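Architecture at a glance
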Amino acid sequence: MTEISRNSAHEGGQPGRIGIGLQLDATHLKILEVLRENGRISVAALAERVGISRANAYTRFEALRADGAIKRFTAEIDHVRAGLGITALIFVTVRQQMWRQFRAQLAQMPEVEYCAITTGQHDAMIQVRMTDVAAVHALVTERLAGIPAVKATETVFILDEVLRRPYVLPSDRGPGGPPRRPAPEPAGGEVPLGKMRFVGAAEGRAQLQQDI
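Residues numbered from 1 in each chain as written. Predicted model: local features only at pLDDT ≥ 70, side-chain atom pairs only at ≥ 80, totals over all residues. Heavy atoms only, no water.

Attention now moves to the overall build of the protein. A count of helices and strands for the protein gives seven helices and six strands. In the protein, the order of α-helices and β-strands from amino to carboxyl end is α-β-β-α-α-α-β-α-β-β-α-β-α. A buried classification covers 27% of the 212 residues belonging to the protein. Of the accessible surface of the protein, which amounts to about 15300 Å², a share of 53% is contributed by carbon and sulfur atoms. (Helix = DSSP H or I, 4+ residues; strand = E, 2+ residues; numbered from the N terminus. Buried < 20%, exposed > 50% of the residue type's maximum accessible area, 1.4 Å probe, protein only. Areas by Shrake-Rupley, 256 points an atom, 1.4 Å probe, with all protein chains shown as cover.)

Have a look at this one:
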């Protein structure tokens, strides 16, 4: 794998270190981009999409798998059609001396799709997909609340999953990424939805007196 990396580094792109020995270059990233769209693509089609020989495509693909850059292949399902139309995020505050118990209990809950340890007000975030709201309520109040390691929970229901990608790559932004442009000033002093405008105390009091 090391020899493959040395040869491929001259084909263009900034090499980046991944795994334990493989150099990730622009061609590797292109392969991962194609596999993101279709993980079942043939080696011949993959080689054609990337613009390399079939033998090179096969060698690079196997190197990505052997190095651990590609962990596994799986299917992406439609959760609604599978009967899991409700998605919720559960923020958990954990008793600090009971992390091991929390992890062990969570591993026994097949409803949990994802869990991450976080910073901020809570200690962990859990994502679950359930059949209905009542099922989420039962999970939180009966199962999570019954774990001694759980001190408190806060549940947020997801209304719409606007964007969800299988994975992102450094090449998605291009070399250096797009330059950041300043946001345009709103016309007429109006604040667009989703943005905040801070008003100084003196200015706010003056406006308040005019309104009175």
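On we go from here.
Bringing the side chain of Asp-67 into the picture now. Relative to the assigned elements, Asp-67 resides in helix α4 (residues 54–67). Here Leu-22 takes part through its backbone nitrogen, which lies 3.4 Å from a polar atom of the side chain of Asp-67. (Polar contact = N/O pair within 3.5 Å; in protein donor to acceptor, adjacent residues only side chain to side chain.)

Under the definition given, this model contains two aromatic pairs. Note on Phe-61 and Phe-73: the rings are 6.0 Å apart at their centroids and 45° apart in plane angle, and the pair reads as tilted. Of this pair, Phe-61 sits in helix α4 while Phe-73 sits in the loop between α4 and β3 (86–94), and the two are twelve residues apart along the sequence. Accessibility expressed as a relative area gives 14% for Phe-61, which makes it buried. Its relative accessible area of 41% is what places Phe-73 among the partly exposed residues. Residues Trp-99 and Phe-102 carry aromatic rings whose centres are separated by 5.9 Å and whose planes lie at 90° to one another, so their mutual orientation is edge-to-face. Highlighted residues: Trp-99 and Phe-102, both in helix α5 (residues 99–107), separated by three residues, approximately one helical turn. (Phe/Tyr/Trp six-rings, centres within 6.5 Å; stacked < 30°, edge-to-face > 60°.)

With that out of the way, let us pick up the environment of Lys-30. Among the structural elements, Lys-30 can be located in helix α2 (residues 26–37). Distance in space between the C-alpha atoms of Lys-30 and Leu-169 is 9.6 Å, their sequence separation being 139 residues. Those residues within four positions of Lys-30 in sequence are excluded, and the remaining contacts are Arg-49 and Val-50. (Contact = heavy atoms within 4.5 Å.)

Relative to strand β5 (residues 124–130), strand β4 (residues 112–117) runs antiparallel, the two being bridged by five bridges. Paired with Tyr-114 across the two strands is Gln-127, which belongs to β5. The antiparallel hairpin formed by β4 and β5 contains six residues in its connecting segment, where Gly-120 sits at a positive phi of about 100°. (Pairing = 2+ DSSP bridges.)

The contact between α2 and helix α3 (residues 43–50) brings their axes to 10 Å, and the two run at 125°. By the angle between their axes, α2 is oblique relative to α3. When the axes of α2 and α3 are compared, the crossing they make is right-handed. Contacts between α2 and α3 involve Thr-27, Lys-30, Ile-31, Val-34 and Glu-37 from the first element and Leu-46, Arg-49 and Val-50 from the second. Residues of the contact of α2 with α3, tallied by class, amount to four nonpolar, one polar and three charged. (Axes fitted to C-alpha atoms, helices over the stretch in contact; angles between N-to-C directions. Parallel < 35°, antiparallel > 145°, perpendicular 65-115°, else oblique. Left-handed = near helix turned anticlockwise from the far one by under 90°. Nonpolar A, V, L, I, M, F, W, Y, C, P; charged D, E, K, R; others polar.)

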